[in-house]
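Close look at the chain arrangement
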Amino acid sequence: MNPSAARVSRDSSSVCVCLFHSNSRPSSFLGINNNTVSFNTTNTNTLLLNTATNPRTINRTRVYRKNSTGVEACLSPAKSLRQILELPGVHQGPACFDALSAKLVEKSGFSFCFTSGFSISAARLALPDTGFISYAEMVDQGQLITQAVSIPVIGDGDNGYGNAMNVKRTVKGYIKAGFAGIILEDQVSPKACGHTRGRKVVSREEAVMRIKAAVDARKESGSDIVIVARTDSRQALSLEESLRRSRAFADAGADVLFIDALASKEEMKAFCEISPLVPKMANMLEGGGKTPILNPLELEELGFKLVAYPLSLIGVSIRAMQDALTAIKGGRIPSPGSMPSFEEIKETLGFNTYYEEEKRYATSMRRLSSENVTSNSYVTQPMAQDDTAQRGQSSQDPIVEVITPEVYTNSGAGGSRDAFSGIWSRTLRVKITGRDGFEKLDVRIPAGFLDGITNVVPALGGVNLKELLNDAAEEVGGKLLLDFNDTVGDRIQVFLE
């Protein structure tokens, strides 16, 4: 594997700081010398370079295409999305609703994602997607999302928030927010969520003018944002009208066509047959929409290029929070299998990366202090017998109290038996079965450490487990000590093993 070199021009707004393969794995970065970036790489057609930029464009990702001589040009998020559209096959894009959900999409290996107006309205306002959320709120949320990830993001632009002039402002705002693409629909105001009742559309002429206005706004901004033209006329009017509008959108300059709420596989096929040179988008509304749910291979066979999954992330988030709150209200905490560990949460949010980067900017005094803390955290120093005066003068020294777990014995405080002998060396098994019959928890805890059991199952806080253990001292393993239902109907069982 021989080092390659790519010459990158350094302008006032962008300086290369690190290099990645297209699959997000870092390549072997060798350094920058005389405006030349040297790196090791193998069989990679596209390279991603994170850039340090001015405050208005911070956290953007620029994409460079590699050829035999190095890097050809810096690509914007929109051009990165256009490269995806040129690739064969169908491309899946889950819909995010905030910076964290977008980051999770990227970490899962997806090459792009959508924003969902439905989900953003739910997460930001706790209101239905019926026109409550505003342009300003969507742009603000979108900027947080695009700054959190390096993959292209297609933004939900609703109906442009007004007439053709409003559409131009919306497109320009989404460009400044860092979106790679924007979805614009032909609904009236206030709009309604797709696949719901009460949808109405503007005239075909006005709908086409919205797309022309979006194209003009793109030209005026010097941008290459991908315009996804959506029509809701399938349910509001007819399939034939939705096909006519889609053709007109393509003629007006739309880059991707999208008919929402197609009702059958045959309708989806008919859609993909019009304007064959313009990519088509499918919407797999999870949980019971009007459009059949097809797998990616089936969608590719029909002729789709992009597929959105609008409700998966917000839907599972709602259910997970409901389950967690039910557990807490019932005196328990969510089961370990239902949530990541604290270390996993910190890794997802970038704590470890932050700590590593922070070291680069540590001052000499702080670095020395950190080293002292690290080396002395778990070391105890013997104290001289005659240091009473010195200790008396150190009133500011911290007081460290060492607490050991309470260990019970059945021989009394003055007994001579070993602390972990007999009943107290046995194991308690705690099992929780939900109302639905599924197992929520099955853990084993040493009987000698009873205080810790209420941290696992708070509902056991009022139970005298010590007395139950003493009564079962002569019992053989497998004895059932407790069996009851908590306030939410979950069955809690405690066994002595």
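Definitions and cut-offs
- Residues numbered from 1 in each chain as written.
- Predicted model: local features only at pLDDT ≥ 70, side-chain atom pairs only at ≥ 80, totals over all residues.
- Heavy atoms only, no water.
- Axes fitted to C-alpha atoms, helices over the stretch in contact; angles between N-to-C directions.
- Helix = DSSP H or I, 4+ residues; strand = E, 2+ residues; numbered from the N terminus.
- Left-handed = near helix turned anticlockwise from the far one by under 90°.
- Contact = heavy atoms within 4.5 Å.
- Nonpolar A, V, L, I, M, F, W, Y, C, P; charged D, E, K, R; others polar.
- Expected span 1.5 Å × (residues − 1).
- Parallel < 35°, antiparallel > 145°, perpendicular 65-115°, else oblique.
- Phe/Tyr/Trp six-rings, centres within 6.5 Å; stacked < 30°, edge-to-face > 60°.
- Buried < 20%, exposed > 50% of the residue type's maximum accessible area, 1.4 Å probe, protein only.
- Lys NZ or Arg CZ within 6 Å of the ring centre and 35° of its normal.

1. Remarks on the packing of helix α2 (residues 99-107) against helix α4 (residues 135-148)
- Axis separation between α2 and α4 bottoms out at 8 Å; the angle between their running directions is 35°. The two elements α2 and α4 meet at a crossing, and its hand is right-handed. Contacts between α2 and α4 involve A99, A102, K103 and E106 from the first element and L144, I145 and A148 from the second.
- Partitioning the contact of α2 with α4 into residue classes produces 5 nonpolar, no polar and 2 charged.

2. Observations concerning helix α11 (residues 312-329)
- Over its 18 residues, α11 runs 26 Å from end to end, which matches the ideal 26 Å to within 8%, given 1.5 Å per residue.
- With its phi angle positive at about 90°, G331 sits one or two positions after the end of α11.

3. What to know about the packing of α2 against helix α12 (residues 342-349)
- Direction vectors running N to C along α2 and α12 enclose 90°, while the axes themselves pass 10 Å from each other. Judged by the inter-axis angle, α2 sits roughly perpendicular to α12. The segment α2 lies against α12, with L100, K103, L104 and K107 engaging E347, T348 and L349.
- Across the contact of α2 with α12, the residue classes break down as 3 nonpolar, 1 polar and 3 charged.

4. Comments concerning the packing of aromatic side chains
- Throughout the structure, instances matching the rule amount to 6 aromatic pairs.
- Their ring planes at 55° and their centres at 6.2 Å tell us that F351 and Y355 sit as a pair that is tilted. In this pair, F351 and Y355 are both assigned in helix α13 (residues 351-358), 4 residues apart and thus about one turn of the helix distant.
- Residue F351 is classed as partly exposed on the basis of its relative accessible area, which comes to 36%.
- Under the relative-accessibility criterion, Y355 is labelled partly exposed at 38%.
- Each member of the aromatic cluster is reached from another via a ring pair, and the members are F351, Y354 and Y355.
- In this arrangement the basic side chain of R429 is found over the ring face of F495, its NZ or CZ atom lying 5.6 Å from the centre.

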